[in-house]
Amino acid sequence: MGKSERSLSDLGRRVAALQDQAPEARLDHARGRARLGAAELRARPPTRPLAVRLSAISAAALLAIAIVAGVVMRPRPLQFTLGAGEPGAVGAWLAAPSTAELPIRFSDGSWLLLAPGGRARVAAVDADGAEIALERGALDLSIVHGDHTRWRVRVGPFQVHVIGTRFEIRWDPTAEQLVVALREGAITVSGPVVGDGRAVRAGERLTISPAEGTLQVGALDEAPAPAPAAAIPSAPAPSAPPVEVTPSASAPGPPARVVEAAPPSPHARASAEVTAAPARPAAPDWRALALDARYKEALAAAELEGFDAICAAASAHDLRALGDVARLGGNPARAGQAFTSLRARFPGSPEAAAAAFMLGRIAQDQSKDHAGAAGWFTRSLSERPGGENAAEAAGRLIEAAHEMGDEAGARRAAERYLAAHPSGPHAAYARRVLARGARATP
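Report on the accompanying structure. (Residues numbered from 1 in each chain as written. Predicted model: local features only at pLDDT ≥ 70, side-chain atom pairs only at ≥ 80, totals over all residues. Heavy atoms only, no water.)

### Here's the deal with the pairing of strand E13 (residues 214-219)
Reasoning step 1: Note that strand E12 (residues 204-209) and E13 share six bridges and pair antiparallel. Residue pairing across strands places threonine 207 opposite glutamine 216, the latter belonging to E13.
Reasoning step 2: In this structure, the hairpin formed by E12 and E13 is closed by a connection of four residues, where glycine 213 is found at a positive phi of approximately 65 degrees. (Pairing = 2+ DSSP bridges. Helix = DSSP H or I, 4+ residues; strand = E, 2+ residues; numbered from the N terminus.)

What follows is the structure, given as structure tokens:
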């Protein structure tokens, strides 16, 4: 055995002797494997059971599907077109030509037909319906019924609530007369005279006159109620000759006796023939013509009667009607004269506040004097903040400020409008003004 081999043998014997003396120093293979396994687990990322992982994946997929479905299936507001298919704009005034109707078609299949000369606007739309503001004239509506259908028509001081139906509505702002004729379905009318939510039955026609405080109910195919008899005086009926009739012969007492008038003399007969000659027809009354919406003829009749004299002597109600006759009859100067006379003669009255509003409309629509219009609308609102024209005056004030280039004033007017009329006809326009101002702010 060589020297190196003997050295290795000696070393082995010494190690064996040391292990015998200290058993705890021996290598613990089981504990070493345990420590090695723990180190591997700490270095390796934790794993979840397969079922847990599949459940998490499914939940994430369902959440993604729900988000996509919510975006895709969210109901969209109704869209509408005008005439031959021109896209309609919410809040814009619509005027039918004087010789043709204006069709308005909605994406849910509903349609409106604005009669010639009528003026209206689609004030608001959502997925369940629309709000229509009718300023004047007649409107034929066919509304498709659905589970959540909600339509509303604003007409002067009235509101018509619609679920699904076919009906016609006419508003004469001069006579302040509303006519509603329901062909099928169900509607309710709220406002002066009728109160809150008066139901209208199919086949029924309502004629409401707030100024006179009257409500007339008739059948659908009957003609609308004529003008009051007092508006067109009639000649008294000729008197009959005096006849005295005694008690009947069947009753106890003396026999019946009839006393006849003496026959007329030749002179009397000649007088009667002269009296019976056809009377000359009276000049048409401008008020009666206005009730029939014949505004140009009514204005001509008022001129024959004496326009200045009417302004100096008429009642507040008649002056307001006269101003509307002149405005709708195409003479804004005469309309301004009537409304100015009304305000001078009846200051502080509801009619005076309404006249201020109408003067603002004339300035805005006819004269394009937006600064003057803003002044009149502001005056009307200060005199009658809760009056019948308050919402319209506040909305037109936004438009006037914008047309003047006063964007800050338009935003202030928009904020005031939304605070007072959050769902009014100009609400969408007011929000666009505020959004435009927010984008312009750095």
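Having put the structure on the table, let's press on.
### Looking at the pairing of strand E10 (residues 177-191)
Reasoning step 1: In the sheet, strand E9 (residues 158-172) pairs with E10 via 13 bridges, with the strands oriented antiparallel. Bridge pairing in E10 links aspartate 172 to glutamine 177.
Reasoning step 2: Where E9 hands over to E10, the hairpin turn is made up of four residues, of which glutamate 176 adopts a positive phi near 55 degrees.
Reasoning step 3: Looking at chain direction, E10 and E12 are connected through four bridges and run antiparallel. When the bridges of E12 are listed, valine 180 appears paired with leucine 206.
Reasoning step 4: Pairing geometry for E10 and strand E11 (residues 195-200), over four bridges, is antiparallel. Of the residues in E11, the one forming a bridge with glycine 191 is glycine 195.
Reasoning step 5: Hairpin connection from E10 to E11: three residues lie between these consecutive antiparallel strands, with valine 193 at a positive phi of about 75 degrees.

### Notes on empty space enclosed by the protein
Reasoning step 1: One pass over the structure, following the stated rule, counts one cavity of 30 Å³ or more.
Reasoning step 2: Taken as a whole, the largest cavity holds about 40 Å³ of empty space.
Reasoning step 3: In terms of lining residues, the largest cavity is bounded by Arg170, Asp172, Gln177, Val179 and Leu291.
Reasoning step 4: Looking at the lining of the largest cavity, the elements with two or more residues in it are E9 and E10. (1 Å grid on protein atoms, 1.4 Å probe; cavity = no way out; pocket = protein on both sides within 12 Å on 5 of 7 lines; lining within 4 Å. Points joined across faces, edges and corners; volume = space filled by probe spheres on them.)

### Points about helix H11 (residues 370-383)
Reasoning step 1: Taking 1.5 Å as the rise per residue, H11 with 14 residues should run 20 Å; its terminal C-alpha atoms sit 20 Å apart, in good agreement.
Reasoning step 2: Regarding H11, the residues found buried are His370, Ala373, Ala374, Phe377 and Ser380. The buried side chains of H11 occupy one side of the element, clustering within an arc of 130 degrees when seen end-on.
Reasoning step 3: Summarising the contacts, the buried residues of H11 are in contact with helix H10 (350-366) and helix H12 (390-404). (Expected span 1.5 Å × (residues − 1). Buried < 20%, exposed > 50% of the residue type's maximum accessible area, 1.4 Å probe, protein only. Arc of directions from axis to C-beta. Contact = heavy atoms within 4.5 Å.)

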